Amino acid sequence: PILVAEDNALNQTLIAEQLVTLGWDPVVVGDGRQALSAFESGHFDAVLTDVHMPVMDGYELLAAIRALDTRVPVLAFSAVTRTGQAGEWQERGFTGHVAKPASLKALEQALQAIIHAAPADAAVPPDPADVAESNDDLPVTVPEDNPPIPASEIARYKLMLLEHLRSDGPELAAILLRHDAASLRHWAHRSAGAFLVVDAQDMVRACRQVEWLCDQASSWTPDIAAAGSALLAAVQAYCDDTAGLNA
C-alpha cells in the first residue's frame, strides 16, 4: 500500500484512482497528523505527502516518519511553483517528489524510481554539498507528455470541482470577512491544486497571486483584501460558467 497525505478533495480522488490503476492500494488522508496515525498502525511501501497542509505539514510528517522508519521512501507530493524548490525538498530529506498534478505515466515513473532503489539509499540523508552541485538527483516526474486526466474524464472532474467549490466558497467568504491571512493562504494553495487538475490556468494564477501576497505580509493588508475579493468573484464566475456548460 501507499500512504497519501493530501488536503484537497479533487487531488485525493485523482491520486487514488491513478494508484489503483497502477496496481497499488492507496490509503488517502487529509493531513499530516492523520497520515502519521495511519503510518504508526500499518505498513506502507511509500508515502506521498503534500508539503503545505493544516494541522501537520509535510515537513513535520517527514520528520515524524523518519523518527519511526529511516528507510521507507517519502516523496513530496506538491506543485513546483519556483526554481530550486526540488533541491530544497532534497535538503530536507525527501526521497523524491511528484509534481502535482502528475500524469499516470509520470507517477508510475516516479514510483518505480524509488520502489526499485536500494533500501539503504533512502536511509542516508543527502549531503547538502551534493545538493548544491546538482538538484537532479531526486526521483522526479518528467515534463508532462500527456495530461493528468484523460479527455474523457475531464467533464467528470470539473463537476466534482464544481460541487467542491459550492461547499468551499462560503469558507472563502468567511475568511475574507474575518481578515484571516493564514487561512486565506491555505485556501488559495489548496484550491490552486484543484484548478491545476482541470487545467484552469487563470484560476491557478489568481490563487497563486493571493498565496504570494499572504506569504509577503505579516498581517492583513489592503492588497490581500483586494486580491481575496477578486479571487472570490473569480470562483463564483467559474462556478456559474461550469454549471452553465453542464446545464
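Quick notes on the rules
Residues numbered from 1 in each chain as written. Predicted model: local features only at pLDDT ≥ 70, side-chain atom pairs only at ≥ 80, totals over all residues. Heavy atoms only, no water. Core = buried A, V, L, I, M, F, W, Y, C linked by side-chain atoms within 4.5 Å. Buried < 20%, exposed > 50% of the residue type's maximum accessible area, 1.4 Å probe, protein only. Helix = DSSP H or I, 4+ residues; strand = E, 2+ residues; numbered from the N terminus. Contact = heavy atoms within 4.5 Å. 1 Å grid on protein atoms, 1.4 Å probe; cavity = no way out; pocket = protein on both sides within 12 Å on 5 of 7 lines; lining within 4 Å. Points joined across faces, edges and corners; volume = space filled by probe spheres on them. Nonpolar A, V, L, I, M, F, W, Y, C, P; charged D, E, K, R; others polar. Phe/Tyr/Trp six-rings, centres within 6.5 Å; stacked < 30°, edge-to-face > 60°. Lys NZ or Arg CZ within 6 Å of the ring centre and 35° of its normal. Expected span 1.5 Å × (residues − 1). Arc of directions from axis to C-beta. pLDDT = per-residue confidence, 0-100.

Engineer: Can you walk me through the nonpolar core in this structure?
Structural biologist: Across soluble globular proteins, you tend to see nonpolar side chains buried next to one another. In this structure, Phe195, Leu231 and Val235 are the most contacted members of the largest nonpolar core, which totals 35 residues. Going through the elements one at a time, helix H1 (9–21), helix H8 (151–177), helix H9 (181–197), helix H10 (201–216) and helix H11 (222–245) are the ones with two or more residues in this core. Among the elements that line this core, the one with the most residues is H9, at nine residues. When near neighbours in sequence (up to four residues on either side) are disregarded, valine 235 contacts Leu165, Leu172, Trp187, Phe195 and Met203.

Engineer: Sorry, what's going on with empty space enclosed by the protein here?
Structural biologist: Unoccupied space between atoms shows up once a probe the size of one water molecule is rolled over them. Counted under the stated rule, the structure contains one cavity of 30 Å³ or more. By volume, the largest cavity amounts to about 80 Å³. Partitioning the lining of the largest cavity into residue classes produces two nonpolar, five polar and six charged.

Engineer: Mind showing me how you'd approach the packing of aromatic side chains here?
Structural biologist: The description of two aromatic rings rests on the distance between their centres and on the angle between their planes. Taken as a whole and assessed by the stated rule, the structure comprises three aromatic pairs. Ring plane angle 15° and centroid distance 6.3 Å describe the contact between phenylalanine 39 and phenylalanine 44, whose orientation is recorded as stacked. Ring geometry for phenylalanine 195 and tyrosine 238: centres 5.3 Å apart, planes at 80°, overall edge-to-face. Separated by 43 residues along the polypeptide, phenylalanine 195 in helix H9 and tyrosine 238 in helix H11 bring together distant segments of the chain. The two residues phenylalanine 195 and tyrosine 238 agree in class, both being buried. Over the aromatic face of phenylalanine 77 sits the side chain of lysine 100, whose NZ or CZ is 5.3 Å from the ring centroid.

Engineer: What is the right way to look at helix H5 (residues 104–115) in this model?
Structural biologist: Residue pairs spaced three or four apart in an α-helix point in one direction, given the helix's 3.6 residues per turn. Relative to the 16 Å expected for twelve residues at 1.5 Å per residue, H5 spans 16 Å between its end C-alpha atoms, a close match to the ideal helical length. Inspection of H5 places Ala106, Leu107, Ala110, Leu111 and Ile114 among the buried residues, and these make up the whole buried set. Seen along its axis, H5 keeps its buried residues to an arc of 130°; they face one direction. In this structure, the buried side of H5 is in contact with strand E1 (2–5), H1, strand E3 (46–49), strand E4 (74–77) and strand E5 (96–98).

Engineer: Is there a simple way to think about the confidence of the model for the protein in this case?
Structural biologist: The predicted structure's coordinates, where accompanied by low pLDDT, should not be read in detail. Residues at a pLDDT of 70 or more form 83% of the protein, whose mean pLDDT is 83. Below a pLDDT of 50 lies the segment residues 120–145, which in the model reaches 44 contacts outside its immediate sequence neighbourhood of four places, other chains included.

Engineer: Which parts of the structure should I look at to understand the side chain of serine 191?
Structural biologist: Residue position: serine 191 is located in helix H9. Sequence-distant contacts of serine 191, defined by excluding residues within four places in its chain, comprise Asn8, Asp168 and Cys207.

Engineer: I keep staring at the environment of asparagine 11 and nothing clicks. Help me out?
Structural biologist: Its location among the elements puts asparagine 11 in helix H1. For the pair formed by asparagine 11 and proline 101, sequence separation is 90 residues and the distance between their alpha carbons is 7.6 Å. Apart from the residues within four sequence positions on either side, asparagine 11 is in contact with Glu6, Lys100, Gly193, Ala194 and Val197.

Engineer: Teacher, can you tell me more about unusual backbone geometry here?
Structural biologist: The linkage connecting lysine 100 with the following residue, proline 101, adopts the cis geometry, with an omega of -10°. Structurally, proline 101 can be placed in the loop between E5 and H5. For valine 55, which is not glycine, the phi dihedral falls at a positive 70°. Within the secondary structure layout, valine 55 lies in the loop between E3 and helix H3 (58–68). The phi dihedral of histidine 179 falls on the positive side, at around 55°, and the residue is not glycine. Relative to the assigned elements, histidine 179 resides in the loop between H8 and H9.

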